[in-house]
Amino acid sequence: MKNILVTGCAGFIGSNFVPYFLDNYPEYNIINLDLLTYAGDLENLRECEENPRYKFITGDICNRELVEFIFREYDISGVIHFAAESHVDNSIKNPGVFIETNVNGTFVLLDVAKEYWMYEPFSYKDRYKGARFHHISTDEVYGTLNETDLFTEETPYAPNSPYSASKASSDMIVRSYQETYGLNTVITNCSNNYGPKQHDEKLIPTIIRKALAGESIPIYGDGKNIRDWLYVLDHCKGIDLVYHTGKEGNVYNIGGRNERTNLEIVDAICTILDKKVPLSARYSQLDWESNKNINSYKDLITFVKDRAGHDRRYAIDATKLESELGWRADENFDSGIVKTIEWYLEKYQV
Ligand SMILES: NC(=O)c1ccc[n+]([C@@H]2O[C@H](COP(=O)([O-])OP(=O)(O)OC[C@H]3O[C@@H](n4cnc5c(N)ncnc54)[C@H](O)[C@@H]3O)[C@@H](O)[C@H]2O)c1
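Conventions and cut-offs
- Residues numbered from 1 in each chain as written.
- Predicted model: local features only at pLDDT ≥ 70, side-chain atom pairs only at ≥ 80, totals over all residues.
- Core = buried A, V, L, I, M, F, W, Y, C linked by C-beta atoms within 7 Å.
- Buried ≥ 20, exposed ≤ 12 C-beta atoms within 10 Å, placed from the backbone.
- Helix = DSSP H or I, 4+ residues; strand = E, 2+ residues; numbered from the N terminus.
- Contact = placed C-beta atoms within 7 Å.
- Pairing = 2+ DSSP bridges.
- Axes fitted to C-alpha atoms, helices over the stretch in contact; angles between N-to-C directions.
- Right-handed = clockwise from strand over helix to strand, strands pointing away.
- Near = placed C-beta within 6 Å.
- Parallel < 35°, antiparallel > 145°, perpendicular 65-115°, else oblique.
- Left-handed = near helix turned anticlockwise from the far one by under 90°.

Engineer: Sorry if this is basic, but what is going on with the nonpolar core here?
Structural biologist: Soluble globular proteins tend to bury their nonpolar side chains together. Judged by nonpolar contacts, the single largest core of 87 residues is most densely connected at Val18, Ile207, Ala211 and Ile269. Broken down by element, the residue count for this core peaks at 6 residues, all from helix α6 (residues 203-213). Setting aside residues no more than four positions away along its own chain, Ile269 makes contact with Ile207, Ile208, Ala211, Ile337 and Ile341.

Encoded structure:
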């Protein structure tokens, strides 16, 4: 059996990754270290609680003593690092915690892994040969795009928010551990994810939640910012491929080739909700005597003041991952969004 430390798995992507990984790799034990910030919810991992190959530890990736203890106690031979502060809006209001967790926390994990796995630079202990550190990052490190270009692995970094700057910084520290110490690292930079278990604060859960509550659905600015949307399980499959077969020291972009403006997203969700749970059938549930003239969820869309420094467009060129490692997204936006909405309808019991 191999014991791997997977950080931040009470959050959105990690909690989709853990059950996927446990199902597909019976030879792994997973140790999940998560601080359970406001973004972490153990409910997301209830399905794994009884699994003897899964262990949850509450704690901070910045706590070096704790991370050292976990490496020793569980003889860790691989790391997949999801834990981060991840919401751009929060990084504008409170950037300090982003630097602490995303930069210093990543440094602690890297440094403990290096000390535990290696004798000296470029010399792994025999037992840990092949032990790998996989850093999960974002396409936001590349900044914003014009109307036609795509982010490749060679695109220069130009982060614009404290969130993306903290992720870019952590990517650079990972790179330095590869170059200076020969630590076996890979980095994946992924586009916007969507799917089950995402925190309420993010765009797609907010649209669904507000719509179902009959409240106004806030859309930043003119709604024309473009993101490249990837179904979360396709991201997990990409991470799995890169962790197991990616080339040491390489960066891989992961993206779904599903560019949508925020307006297209809200329009698609409202169209599906109008069919699945028509407003007209829900007036009494919403206590909506005065709003009976509203027949589509689209009527709830409200434009609000734009986010400061809001990047206009992100779009990923995933050719490297596709051609070198054979990755393909199984979902397109039209299929993935239906699955997502069905999950939230169940969550909100509508
Ligand atoms: N969500 C996306 O669309 C997206 C896209 C690309 C990359 N990413 C990256 O993927 C990773 C996971 O993103 P997510 O959307 O699941 O995030 P999330 O905010 O849903 O979850 C983050 C998790 O990390 C934990 N955490 C926060 N600070 C911690 C600390 N100091 N110590 C231990 N645990 C801590 C939280 O409790 C939470 O469970 C992040 O590194 C993020 O930058 C996310």
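Engineer: What should I look at first to understand the sheet that holds strand β8 (residues 185-190) in this one?
Structural biologist: By way of backbone hydrogen bonds, the strands of a sheet pair with one another, either parallel or antiparallel. Reading across from one edge, β3-β2-β1-β4-β7-β8-β12 is the order of the 7 strands in this open sheet, with parallel pairing throughout. Sheet topology places β3 (54-58) and β12 (251-254) at the edges, where each strand pairs with a single neighbour. On average, each strand axis in the sheet is inclined to that of its neighbour by 20°, with strand direction left out of account. As paired strands, strand β1 (residues 2-7) and strand β2 (residues 28-34) are joined by 6 bridges and run parallel to one another. Residue Asn3 lies in a different strand from β2, and its bridge partner there is Asn29. Here helix α2 (residues 64-74) sits on the sheet and contacts β1, β2 and β3; the angle it forms with β2, its principal contact strand, is near 165°. Docked against the sheet, helix α5 (residues 162-181) engages β7 (132-138) and β8, running at close to 155° with respect to β7.

Engineer: Just to check I follow, could you spell out the sheet that holds strand β11 (residues 226-231) for this structure?
Structural biologist: One open sheet accounts for 3 strands, arranged β9-β11-β13; its pairing is mixed. Two strands lie at the open edges of the sheet, namely β9 (192-194) and β13 (259-261), each paired on one side alone. Each strand of the sheet is rotated relative to its neighbour by a mean of 50°, with strand direction disregarded. With 3 bridges connecting them, β11 and β13 associate as antiparallel partners.

Engineer: Even after reading the chapter, I still don't get the environment of Ile173, so can you show me in this structure?
Structural biologist: Topologically, Ile173 is positioned in helix α5. In the structure, Ile173 is positioned 66 residues away from Phe107 in sequence and 6.8 Å away in space, judged by C-alpha atoms.

Engineer: Looking at this model, I keep getting lost on the pairing of β1. Mind explaining?
Structural biologist: When a strand is regular, its side chains alternate between the sheet's two faces. As a crossover connection, the stretch from β1 through helix α1 (residues 12-24) into β2 is right-handed. Sheet analysis places β1 next to strand β4 (residues 78-81), joined by 3 bridges and oriented parallel. Directly across from Thr7, in β4, lies its bridge partner His81.

Engineer: Would you take a moment to explain the site of the ligand for this structure?
Structural biologist: Close contacts around the ligand come from 31 residues, with Gly8, Gly11, Ala39, Gly40 and Ala84 the closest. Counting only elements with at least two residues in the shell around the ligand, the list comes to α1, β2, α4 (96-117), β7 and β9. Looking at the shell around the ligand element by element, the count peaks at 3 residues for α1.

Engineer: Just to check I follow, could you spell out the pairing of β7 for this structure?
Structural biologist: The buried count for β7 comes to 7 of 7 residues, which makes it a mostly enclosed element. Two strands pair when backbone bridges link them, and β4 and β7 are joined in this way by 4 bridges, in the parallel orientation. Residue pairing in the sheet places Ile80 in a bridge with His134 of β7. Here 6 bridges tie β7 to β8, and the two strands are oriented parallel to one another. Within β8, the position partnered with His134 by the bridge is Val186. As a crossover connection, the stretch from β7 through α5 into β8 is right-handed.

Engineer: Hey, could you run me through the environment of Leu66 in this one?
Structural biologist: Along the chain, Leu66 turns up in helix α2. Counting along the chain gives 33 residues from Leu66 to Leu33, while the straight-line C-alpha distance between them is 9.7 Å. The contact partners of Leu66, leaving out residues within four places of it in the chain, are Gly59 and Asp60.

Engineer: What's the story with the packing of α4 against α5 in this structure? I'm lost.
Structural biologist: Packed helices, taken two at a time, are described by the angle between their axes plus the distance between the axes. Remark: α4 packs on α5, axes separated minimally by 8 Å, with the N-to-C direction vectors making an angle of 15°. On the basis of their axis angle, the class for α4 and α5 is roughly parallel. Relative to α5, α4 is oriented so that their crossing is right-handed. Within the contact between the two elements, α4 uses Phe98, Ile99, Asn102, Val103, Thr106, Phe107, Leu110 and Lys114 and α5 uses Pro162, Tyr163, Ser166, Lys167, Ser169, Ser170, Ile173, Val174, Tyr177 and Tyr181.

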